[in-house]
Amino acid sequence: MSELHRGSYGGEGGGRHGSQRRGSFSSLIDYCVRFRLVRLQRASTLQFDSPGCRKVSPCPCMSVPMTRPPEPTPSPPQRIVLKFGGSSVSSRSTWNTILAVVTELRNQGHHVLVVHSALAGVTNLLEALPDRSRDGDPQEILDALTSRHMLLAQELGVDGPALLDSELQQLQRIAAGVALLDEVTPRIRARILAFGERMATVLGAAFLKDQGLAVDWLDARELLTSEAGRPAGTAAHWLSAECSSDLDPELSRRLDELPGVALTQGFTARDTHEDTVVLGRGGSDTAAAYLAGGWGADRLEIWSDVPGMFTADPRLVPGARLLRKLGYQEAQEISTTGSKVLHPRCVPAVRSRGIPIHLRSTLDPSLPGTIIGPDPDSGPAQVKAISWKSEVVLVSMETVGMWHEVGFLARAFQVFEEVGLSVDLVSTSETNVTVSLDPRANLLEGWVLDRLVEGLTPICRVQVIRPCAAVSLVGNRIRGLLHRLGPALQAFEEHRIHLVSQAASDLNLTVVVDEDQAERLVRQLHSLLISGAAQPEVFGPTWQELLRNGATAAPPRPRWWRVKQDDLVALCRDHGAAYAYHLPTVATQLRTLMEIPQVDRVFYAMKANAHPAILRTLVDGGGGLECVSQGELEHVQKCCPHLPPQRLIFTPNFAPREEYVFALDRGIPVTLDALHPLQHWGQLFQGREVFLRMDPGWGSGHHEKVVTGGRHSKFGIPFFELDELLQLVDRHDIRVVGLHTHSGSGILAPDHWGRVGETLAGQAHRFPHLRALNLGGGLGVPEKPGQEELDLPQLATGLATVKEAYPGLELWLEPGRFLVAEAGVLLAQVTQVKGKGEIRYVGLATGMNSLLRPALYGAFHEIVNLTRLDEPGASVVQVVGPICESGDRLGSDRLLPETREGDVLLVATAGAYGRVMGSRYNLREPAPEFALQE
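Residues numbered from 1 in each chain as written. Predicted model: local features only at pLDDT ≥ 70, side-chain atom pairs only at ≥ 80, totals over all residues. Heavy atoms only, no water.

## Let's talk about the sheet that holds strand 15 (residues 382–398)
Pairing between the strands of a sheet comes from backbone hydrogen bonds, and it takes one of two forms, parallel or antiparallel.
Thinking step 1. Spatially, six strands are ordered 16-17-15-18-20-19 in an open sheet, and the strand pairing comes out antiparallel. Sheet topology places strand 16 (423–428) and strand 19 (497–502) at the edges, where each strand pairs with a single neighbour. Neighbour-to-neighbour, the strand axes of the sheet open up by a mean angle of 30 degrees, direction not taken into account.
Thinking step 2. Relative to strand 20 (residues 508–514), strand 19 runs antiparallel, the two sharing five bridges. Looking at strand 20, one finds that Ile497 is bridged to Val513.
Thinking step 3. Packing against the sheet, helix 14 (residues 408–419) makes contact with strand 15, strand 16 and strand 17 (432–437), and its axis sits at approximately 25 degrees to strand 17.
Thinking step 4. Where helix 17 (residues 518–529) meets the sheet, it contacts strand 15, strand 18 (461–476) and strand 20, and its direction lies at approximately 145 degrees from that of strand 15. (Pairing = 2+ DSSP bridges. Helix = DSSP H or I, 4+ residues; strand = E, 2+ residues; numbered from the N terminus. Axes fitted to C-alpha atoms, helices over the stretch in contact; angles between N-to-C directions. Contact = heavy atoms within 4.5 Å.)

Right, dumping it as structure tokens:
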């Protein structure tokens, strides 16, 4: 099954072998010896002649003199369960790794059971299939499933049609039956979902057999039977089944007697009536754990695209460290509180039998990963991980009547049971009970919460608070660390902490905050409580160190500043600090958007960066400019005096009357985002064409301060004011020619703009002169290591749907960051380096006076030592500036080479909202700006 490993900490699929990453021939030899890709000869040579040489790519077929290492002491045969996630079974390169791992274990005499998921993305397609079948058009999904599996079959060199045609035909018949009956039962959903693992394992078994391994393909429904704990006939019985992990002598005998490698499906089981059931999201982990317990395995290995559990999500905290070992309870707490590396149900299934869990990476099998075993007896108070869950919903129940009243909680929780909601955290006082609902364990759609409120209202006053996030500290003796949390929480004194929960086990302290505050809190807590932790037997290398050493799949992204390294170093040495803007990158980004067929016009939101050379580059490339103040309009007139007013758009917010007059007098299109100008200055717009900025009631973005939609945002006209708005428009004979929404910044979800377009287009019938929909900007760019780029083809697909439905309307985009962020860097010389205990600081010639984003909302910017660009990382440091504020920190926990005074550091993706937000605080001038023509 494509499960929670997908998109967890690393990228999906693909990846290269360690032999390709290490960069030295001796390391290549070490890797090949380790995985039996070569054999040692008495003539002191390495002869590359095993089957793996043909199949594991690339492996040079040649002989190399070397000194033969001593023979390892053979280990006694063991029973080993290997579970591989969806990203680990979706390409030839990862199957080569599986082949090498299994071959090594078999050569050592071990019994091996392989359990694996569906191909990455397949379970999502299968989940959508029954509903699409009811709508009468399942063929697109069926074609995608066929194509996905046949492509992998071709990569593996196996006969896909011969192996899978019967399964695909059966799946098509089930889809046709759903369409005929116009009904989808949980039983049918379970049958459909099970196809993913079954088809993937058929291909995998065929591949391993072709490589010379003896493989026995087993149907998991003959190995696992669900328990009767789930109510018969309910969705949970079919779609979230549970099995026993007790030792099963019959299963043990069957697996022990197999002559070769056993291979079966995760996620799948049967019930006592022989019907197919599935184990819920993450069920492949759990299935492997059930089988490990039933077999009496010596260890369970979970292989995915990351090497183990980390002290935080590395996508959020690149300084997060690999956890080398954890106790069962610690691992379960980390999984339960937000980590997606291991499913929480996996741990209890093996804990009772004392079976260790090894977390390993198919992208670098040489890493030891994380080992989970018996819980430590005791030890020092130590936080081992900061984890978090988003989209948490809080339900606050308040009534004076509950004080000393018997049975209130029983009545309240009875309502939760009737609605089918599982409570996660609970906090109580004399007059209030607040509980949290975990979206991973509950269906939290609006109608479900409406039923909950309806049921609770007769007994208390109910408030639903969303979206929230639960940030958890997990470790040993957490109570002993409470005194150290004050500095981190002080940063949130202006924001509410809704709930605090401290586990009785002393393993977990959870704080529930507004969701937009969670990422910043996670970073600050990690820096305060974990970054400098000792105990190398527990805390391994950082994510950055693994990236730098090639232990992950993410190759370095191409950067223009690498080519300009010498010029940039020289520029910084002349000025101490400087912004540099690469104009060819700006032009390329604009061209990328203008080539999207559905986009009719692009207006650059110049508040992101108003440098004259950037404005001229965009205008010369065919773009327009969006301005938000009279000052910006005047600046454009100076920089681009011949620009026609139709290539400008003025979108002010709470601006004075005079600024509207300035734009209207010059024929510049104006956007109104409130009723006030029409209510009080209607004569200004008499007989004119205008745009209206609407608030759809929701927004998006990487931080609360950049979300510009929804009732907590000051921007836009809410839809509930449309009737009054239309009356004002008619009264003053105003022609509304465009509707506009800009709902946030740094958005990487490609369907966002299609959703905006559909929302605005839904009001088109009310405006007879409407010509254009301005979908705003907010197109995000990757900022953190391993972060995926915005999928522009998918964005175009969403816009195409709007275009098809409303062919008479133009679609406009209004990007800022997307066009200039990656084109700009901040350069600064190192002024001082110092250490305070285990914490090391690197001070720069400029700081928050030049780049405010990290201090303002915890924004992340990649930082490199440009002077020593290709030197290996030596230490994790805090990068700070010269401003007399504790918040003057450009980067926390950054892995840098040994850095010295005079080195030049480069802060990447700084072309947007950098110098334009600078200040002269402390009477320090912000860094000057320079444009690079090539």
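## Description of the pattern of salt bridges
Thinking step 1. According to the stated counting rule, one finds 30 salt bridges in the structure shown.
Thinking step 2. Between Lys83 and Asp285 there is a salt bridge, with the nearest N and O atoms lying 3.1 Å from each other. In this pair, Lys83 is assigned in strand 4 (residues 79–84) and Asp285 in helix 11 (residues 283–295), connecting sequence segments 202 residues apart.
Thinking step 3. Two residues, Lys564 and Asp567, come together in a salt bridge whose shortest N-O distance is 3.5 Å.
Thinking step 4. Beyond isolated ion pairs, a larger network of salt bridges with shared partners links Asp131, Arg134 and Arg189. (Salt bridge = Lys/Arg side-chain N within 4 Å of Asp/Glu carboxyl O.)

## A short note on the environment of Ala176
Thinking step 1. Within the secondary structure layout, Ala176 lies in helix 7 (residues 160–181).
Thinking step 2. On the basis of relative accessible area, Ala176 is assigned to the partly exposed category, the value being 46%. (Buried < 20%, exposed > 50% of the residue type's maximum accessible area, 1.4 Å probe, protein only.)

## Brief notes about the packing of aromatic side chains
Thinking step 1. Applying the stated criterion to the full structure yields ten aromatic pairs.
Thinking step 2. Consider the rings of Tyr579 and Tyr581, whose centres lie 6.0 Å apart with planes at 25 degrees: the pair is stacked.
Thinking step 3. Of the residues examined, Tyr581 reaches a relative accessible area of 2% and is grouped as buried.
Thinking step 4. An aromatic cluster is present here, built from Phe650, Tyr660, Trp681 and Phe685 joined pairwise through their rings.
Thinking step 5. Over the ring of Trp812 we find Arg601, and its NZ or CZ is 5.0 Å from the ring centre.
Thinking step 6. The lysine or arginine in question, Arg666, covers the ring of Phe662, its NZ or CZ lying 3.6 Å from the ring centre. (Phe/Tyr/Trp six-rings, centres within 6.5 Å; stacked < 30°, edge-to-face > 60°. Lys NZ or Arg CZ within 6 Å of the ring centre and 35° of its normal.)

## Digging into helix 21 (residues 583–594)
Thinking step 1. With twelve residues, helix 21 should reach 16 Å at 1.5 Å per residue; the first-to-last C-alpha distance of 17 Å fits that figure.
Thinking step 2. Within the sequence span of helix 21, burial applies to Leu583, Thr585, Val586, Gln589, Leu590 and Leu593. One face of helix 21 carries all of its buried residues, which in axial projection span an arc of 160 degrees. (Expected span 1.5 Å × (residues − 1). Arc of directions from axis to C-beta.)

## Thoughts on the pairing of strand 31 (residues 810–813)
Two faces, one strand: in a regular strand the side chains alternate between the faces of the sheet.
Thinking step 1. Judged from the two bridges that link them, strand 23 (residues 601–605) and strand 31 form a sheet pairing that is parallel. The residue of strand 31 that forms the bridge with Arg601 is Trp812.
Thinking step 2. Of the pairings in the sheet, the one linking strand 30 (residues 772–774) to strand 31 comprises three bridges and is parallel in character. Across the sheet, residue Asn774 finds its bridge partner in strand 31, namely Trp812.

## Re the pairing of strand 13 (residues 357–361)
Thinking step 1. The buried fraction of strand 13 amounts to five of the five residues, a majority that puts the element mostly inside the structure.
Thinking step 2. Where burial is concerned, the two faces of strand 13 agree: the one with Ile357, Leu359 and Ser361 and the one with His358 and Arg360 are both buried.
Thinking step 3. Note: strand 10 (residues 299–304) against strand 13, five bridges, orientation parallel. Bridge pairing in strand 13 links Ile302 to Leu359.
Thinking step 4. Alignment of strand 13 against strand 14 (residues 370–373), held across three bridges, turns out to be antiparallel. Directly across from His358, in strand 14, lies its bridge partner Ile371.

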